[in-house]
Amino acid sequence: MKLVHTPTGFTISHKNRTVFEHSEASPALYLGIGEGNFDMYRGNFDITDYVIERLPLRQFKVDSFERDGQEFHSIGFYFDGKEVIQMIVGETAESRLKAEFEAIDKSFNRFWMRVAATEEERVFGCGEQLTYLNLRGKNFPLWSSEPGVGRNKNTYVTWQADVKDKAGGDYYTTNYPQPTFVSDKKYFCHLETTAYADFDFTNPEFHELQAWDIPQYILFDAEESYPELMTNITDVFGRQPELPEWVYNGVILGIQGGTDITIEKVENAKKAGVEVAGAWCQDWQGIKMTSFGKRLQWDWQWNKDLYPGLDTKIHELKEQGVRFLGYINPYVLEDFPLYDEAQAKGYLATKEDGSKYVVDFGEFYCGVVDFTNPEACEWYKGVIKSNLIDFGLDGWMGDFGEYLPTDCSLSNGVSAEIEHNKWPYRWAKVQHEAIEEAGKTDDILFFMRAGGTGIQGYCHTLWGGDQSVDWCLDDGLASVIPAALSSGLMGNGIHHSDIGGYTTLHGMKRTKELFQRWAEMAAFTPIMRSHEGNRPGDNHQFDTDEETLTHLAKMTKIFTHLKPYIKDAVALNASQGVPVQRPLFMHYEQDDEAYEIKYQYLFGRDILVAPVYNQGETVKRLYLPKDKWVHAWTGEVFEGGWIEVDAPIGQPAVFYREASSYRDLLDGIKNA
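Residues numbered from 1 in each chain as written. Predicted model: local features only at pLDDT ≥ 70, side-chain atom pairs only at ≥ 80, totals over all residues. Heavy atoms only, no water.

As named in an unreviewed UniProt entry, the protein chain is Alpha-glucosidase, taken from Vibrio hangzhouensis. For the protein chain, the Sequence similarities (unreviewed entry) comment in UniProt is given as "Belongs to the glycosyl hydrolase 31 family." (UniProt positions renumbered as here; feature names shortened; annotations may be inferred.)

A.B. asks: Whenever I open this one, the overall build of the protein chain confuses me. Can you help?
C.D. replies: In terms of regular secondary structure, the protein chain is built from 13 helices and 37 strands. Relative to the 2.2 N^0.38 estimate, which gives 26 Å for 672 residues, the radius of gyration of the protein chain is 25 Å and therefore close to what a compact globule would have. Principal axes of the C-alpha set define a box for the protein chain whose edges measure 80 × 65 × 50 Å. Of all 672 residues assigned to the protein chain, the portion counted as buried reaches 62%. Once local pairs closer than 6 in sequence are excluded, the contacts in the protein chain between residues at least 24 apart make up 69%. For the protein chain, the exposed surface amounts to about 23600 Å²; the carbon and sulfur share of it is 44%. Taken together, the 64 basic and 102 acidic charged side chains of the protein chain have centroids lying 3 Å from each other. (Helix = DSSP H or I, 4+ residues; strand = E, 2+ residues; numbered from the N terminus. Rg over C-alpha atoms; globule rule 2.2 N^0.38 Å. Buried < 20%, exposed > 50% of the residue type's maximum accessible area, 1.4 Å probe, protein only. Contact = heavy atoms within 4.5 Å. Areas by Shrake-Rupley, 256 points an atom, 1.4 Å probe, with all protein chains shown as cover. Lys, Arg positive; Asp, Glu negative; His and termini not counted. Charge placed at Lys NZ, Arg CZ, Asp CG, Glu CD.)

A.B. asks: Would you take a moment to explain the UniProt feature "domain: Glycosyl hydrolase family 31 C-terminal" (unreviewed entry) in the protein chain for this structure?
C.D. replies: This chain's UniProt record puts "domain: Glycosyl hydrolase family 31 C-terminal" (unreviewed entry) on residues 577-658. Structurally, residues 577-658 comprises 0% helix and 38% strand, and the distance from its first C-alpha atom to its last is 25 Å.

A.B. asks: Which parts of the structure should I look at to understand the packing of helix α6 (residues 374-389) against helix α8 (residues 423-437)?
C.D. replies: Close contact between α6 and α8 brings their axes to 9 Å; oriented N to C, the two are set at 55 degrees. Here α8 runs oblique to α6, going by the angle between their axes. The two elements α6 and α8 meet at a crossing, and its hand is right-handed. The residues of α8 that touch α6, namely those facing C377, Y380, K381, I384, K385 and I389, are W427, V430, Q431, E433, A434, I435 and E437. (Axes fitted to C-alpha atoms, helices over the stretch in contact; angles between N-to-C directions. Parallel < 35°, antiparallel > 145°, perpendicular 65-115°, else oblique. Left-handed = near helix turned anticlockwise from the far one by under 90°.)

A.B. asks: Before we go on, may I ask you to explain the pairing of strand β4 (residues 29-41) in this structure?
C.D. replies: Consecutive side chains along a regular strand alternate between the two faces of the sheet. Sheet topology places β4 next to strand β10 (residues 110-116); four bridges connect them, and they run antiparallel. Across the sheet, L31 pairs through a bridge with F111, a residue of β10. Of the pairings in the sheet, the one linking β4 to strand β5 (residues 44-56) comprises 12 bridges and is antiparallel in character. Of the residues in β5, the one forming a bridge with N37 is T48. Counting the residues that bridge the hairpin from β4 to β5 gives two residues, and of these R42 lies at a positive phi of roughly 55 degrees. (Pairing = 2+ DSSP bridges.)

A.B. asks: Please explain helix α3 (residues 259-271) as it appears in this structure.
C.D. replies: Spacing of three or four residues puts side chains on the same side of an α-helix, whose turn is 3.6 residues. The terminal C-alpha atoms of α3 lie 18 Å apart, and with 13 residues this matches the ideal 18 Å at 1.5 Å per residue to within 8%. Considered for burial, the residues of α3 that qualify are T259, T262, I263, K265, V266 and A269. The arc that holds every buried residue of α3, seen down its axis, measures 165 degrees, which confines them to one face. For α3, exposure combined with an orientation more than 90 degrees from the buried face picks out D260 and K271. (Expected span 1.5 Å × (residues − 1). Arc of directions from axis to C-beta.)

A.B. asks: Can you help me understand the sheet that holds strand β3 (residues 17-23) in this one?
C.D. replies: Backbone hydrogen bonds hold the strands of a sheet together, and the pairing may be parallel or antiparallel. If you trace the three strands from one edge of the open sheet to the other, you get β1-β2-β3, paired in antiparallel fashion. Pairing within the sheet leaves two strands with one partner each, and these edge strands are β1 (2-6) and β3. If you compare each strand with its neighbour and ignore which way they point, the axes differ by 10 degrees on average.

A.B. asks: It is not clear to me how a nonpolar patch on the surface should be interpreted in this structure. Could you clarify?
C.D. replies: On the surface, Y156, W159 and V163 cluster together into a nonpolar patch covering about 370 Å² of accessible area. Tracing the chain through its elements places Y156 in helix α1 (residues 156-165). Y156 sits in the exposed class, given a relative accessible area of 52%. (Patch = residues over 30% accessible without salt bridge, like charges linked within 9 Å, V, L, I, M, F, W, Y side chains within 5 Å. Salt bridge = Lys/Arg side-chain N within 4 Å of Asp/Glu carboxyl O.)

A.B. asks: I tried to follow the domain arrangement of the protein chain on my own but got confused; where do I start?
C.D. replies: A common way to report how large an interface is uses the accessible area buried once the components associate. On domain assignment, one finds that the protein chain holds domain 1 (2-236), domain 2 (245-328 + 373-405 + 417-580) and domain 3 (585-671). If you average the C-alpha positions of domain 2 and of domain 3, the two centres end up 27 Å apart. Of the residues lining the interface, 29 residues belong to domain 2; the matching set on domain 3 comes to 34 residues. Carbon and sulfur atoms supply 70% of the area that domain 2 and domain 3 bury against each other, a total of about 2800 Å² over both sides. Looking at the side of domain 2 facing domain 3, the largest losses of area belong to R517, F524 and Y565, adding up to 29% of the total buried there. In this structure, the connection of domain 2 to domain 3 is made through zero salt bridges. Where domain 2 packs against domain 3, one counts 14 residue pairs in polar contact (both at pLDDT 80 or more). (Domains from an automatic or database assignment. Buried area = accessible area lost by both parts, 1.4 Å probe. Polar contact = N/O pair within 3.5 Å; in protein donor to acceptor, adjacent residues only side chain to side chain.)

A.B. asks: It is not clear to me how unusual backbone geometry should be interpreted in this structure. Could you clarify?
C.D. replies: Most peptide bonds adopt trans geometry, and most residues besides glycine take a negative phi value. For K186, which is not a glycine, the phi torsion comes out positive at approximately 65 degrees. Not every positive phi belongs to a glycine, and E363 is a case in point at roughly 75 degrees. Structurally, E363 can be placed in the loop between β24 (359-360) and β25 (365-368). For E363, a relative accessible area of 45% corresponds to the partly exposed category.

A.B. asks: Got a minute to help me understand the packing of helix α11 (residues 546-561) against helix α12 (residues 563-576) in this structure?
C.D. replies: Relative orientation of the contacting elements α11 and α12 amounts to 60 degrees, with a least axis distance of 5 Å. If you check the angle between α11 and α12, you find them oblique. Mapping the contact onto sequence places F559, T560 and H561 in α11 and K563, P564 and I566 in α12. Its residues placed into classes, the contact of α11 with α12 shows three nonpolar, two polar and one charged. (Nonpolar A, V, L, I, M, F, W, Y, C, P; charged D, E, K, R; others polar.)

A.B. asks: How should the pairing of β3 be read in this particular structure?
C.D. replies: The pairing of strand β2 (residues 9-14) with β3 spans six bridges and is antiparallel. The residue bridging H14 from the neighbouring strand is R17, located in β3. In sequence, β2 turns back onto β3 through a hairpin of two residues, with K15 there showing a positive phi of about 50 degrees.

A.B. asks: Can you walk me through the packing of aromatic side chains in this structure?
C.D. replies: The way to describe two aromatic rings as a pair is by their centre distance and the angle between their planes. Tallied over the full model, the rule gives 56 aromatic pairs. An angle of 50 degrees between the planes, with centres 6.4 Å apart, marks the rings of F140 and F201 as tilted. In this pair, F140 is assigned in strand β12 (residues 139-142) and F201 in the loop between β15 (197-200) and β16 (206-211), connecting sequence segments 61 residues apart. As far as burial versus exposure is concerned, F140 and F201 are alike and both buried. The residue whose ring lies beneath R529 is W280, and the NZ or CZ to ring-centre distance is 4.8 Å. (Phe/Tyr/Trp six-rings, centres within 6.5 Å; stacked < 30°, edge-to-face > 60°. Lys NZ or Arg CZ within 6 Å of the ring centre and 35° of its normal.)

A.B. asks: Is there a simple way to explain the pattern of salt bridges in this structure?
C.D. replies: A side chain with one charge may pair with a side chain of the opposite charge, provided their charged atoms come close. The tally for this structure, following the rule as stated, stands at 44 salt bridges. Among the salt bridges present, the one from R54 reaches E208, with a minimum N-O distance of 3.0 Å. Taken together, the residues span a long stretch of sequence, with R54 in strand β5 and E208 in strand β16 at a distance of 154 residues. You can call E208 buried: its relative accessible area is 12%. Three or more residues joined by partner-sharing salt bridges are found here, namely E378, K381, K385, K429, E433 and E437.

A.B. asks: Looking at this structure, how should I read the UniProt feature "domain: Glycoside hydrolase family 31 TIM barrel" (unreviewed entry) in the protein chain?
C.D. replies: The residues that UniProt annotates with the feature "domain: Glycoside hydrolase family 31 TIM barrel" (unreviewed entry) are residues 263-566. Secondary structure content for residues 263-566 is 34% helix and 13% strand, while the C-alpha to C-alpha distance between its ends is 28 Å.

Here is the structure:
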């Protein structure tokens with residue numbers, strides 16, 4: 001780290017990269033006072049801010065001191081001659097640049113910091129972003145929420161969702177925001193805050209990081225390569241464990257409707273040649289029908305009426321090599337046994353006066369298990385261990401996490417507005433520890449859509465959330481590609497999505513073609529899992545006809561054929577933080593075009609995937625970085641650039657490196 005200062009300004013650099021440039025004429029730091037309003041309707045937020053004042057902190061004073069043999073700099077920022085905030089800048093033991101903040105004047109609750117930028121710079125990350133991979137030129141509000149239906153204000157579906165349910169979303173709405181970005185200058189920058197934040201990448205000379213609270217610190221570091229940068233990032237935030245061995249054995253079929261239906265559908269799929277690793281029955285604890293569609297009974301225990309004999313059948317399935325997965329989330333259904341128990345023990349969030357607080361989840365109400373209360377955490381871990389793990393579940397969807405309202409009261413006394421973005425982390429930690437304490441980390445799979453800073457070490461895998469069952473770029477099949485790449489750059493290197501999408505509303509219905517194209521993409525991700533959707537009867541399913549089953553069988557055989565390759569990529573993610581699905585620039589950093597490709601990805605080091613995401617498309621135009629690439633189906637070798645290849649259903653645009661050490665395995669894709 002290097003600090004150079006004059007009477008009128010200072011510059012801070014780290015590893016030959018300028019981080020902060022401050023002067024009286026162009027200050028890097030602003031403080032203010034604002035009044036935010038958070039209007040939540042079923043996980044969708046309308047957020048506004050009335051900024052009472054925003055003050056440029058032009059005046060400063062630099063002092064230097066030593067701590068544990070290292071030099072640090074204390075920079076006091078002043079307004080009208082009065083010190084209002086102090087920044088302590090130095091290097092950590094790991095040689096990262098860290099700037100810590102201490103508010104001297106506690107009245108300020110708005111913070112803006114400018115990080116030096118160049119006009120041509122590209123930036124990525126900010127959690128899971130589904131519309132943009134390169135975030136330059138936009139600002140990104142960072143608040144965990146429902147991502148919205150459609151996510152594009154110019155589309156009919158988004159307009160309908162806004163009008164009917166306040167649920168249309170926009171380009172930035174996401175289940176998983178994180179105040180961290182990665183630059184094509186091979187550095188990362190993280191703002192340590194759980195408050196509402198907004199990262200603005202529109203200015204050619206700086207990135208402006210805003211938070212609705214004084215952050216604890218900014219952390220900055222750089223490396224010589226992107227894989228090394230991923231190791232650095234995951235050294236900070238944690239790493240996902242390796243996947244259980246059984247996950248590589250085929251598709252996890254999303255099935256609903258009861259014990260007999262589940263067994264019948266699994267048997268029929270296997271007879272058709274589908275490699276089946278598991279049955280995911282989200283309604284194992286019962287269903288609740290609403291106007292949205294088929295929802296679930298949120299009282300987390302086996303429903304004997306819908307799933308008779310499951311306590312024995314679950315073990316029979318396991319003996320046949322088929323695991324059984326269920327569903328849980330961090331809320332409990334009002335007036336059901338778990339709610340009553342939690343309420344009696346004081347484990348639920350309350351109103352400010354201590355009275356009952358419930359959240360509207362769409363025609364039913366639930367209590368919020370208060371994860372700031374250690375006793376409530378232990379209780380909920382006990383629910384998971386006894387009702388799910390001991391019962392025999394080998395995994396589950398750990399849903400929601402984004403719904404913490406800002407007006408409830410929590411046991412730790414911290415504002416729910418500040419806790420909101422931390423809730424997914426707390427929820428992931430409860431699940432991870434329940435599995436770890438049961439000694440099942442190597443055998444149980446759970447997956448979440450919600451995320452936040454630090455989730456990397458606790459959430460075993462992300463899934464992309466509730467995509468629409470259509471072809472739209474912002475909320476359909478295509479959207480999960482930048483979602484996987486952006487979250488992977490944050491250290492969540494295991495990602496997957498619902499095969500076929502989930503949300504069936506406003507005239508959308510899943511077609512056979514969409515399901516097949518999604519299954520093709522899923523075969524080249526770390527996990528294959530299908531979903532019936534919120535209105536199963538409206539959607540084409542994996543077993544709707546024989547042709548779909550035959551196609552799925554082929555894709556699962558490719559997936560299982562690649563098991564050694566996928567396992568090695570997952571192991572690298574666990575040990576070094578290099579994601580399984582990677583942007584092209586991860587290994588082709590000198591290729592300028594590679595930075596703009598958001599709907600293709602590298603699957604491990606040696607496979608390149610360009611999913612078909614347009615209806616009716618059978619010829620795929622795609623970009624290959626300069627290398628020797630073998631077309632998986634014809635064996636033709638390409639050396640880079642924009643090309644077109646035939647991509648009929650059953651033969652997605654997939655290539656592998658001619659020089660791959662897995663060449664014998666990859667040559668076998670076409671015959672799998």
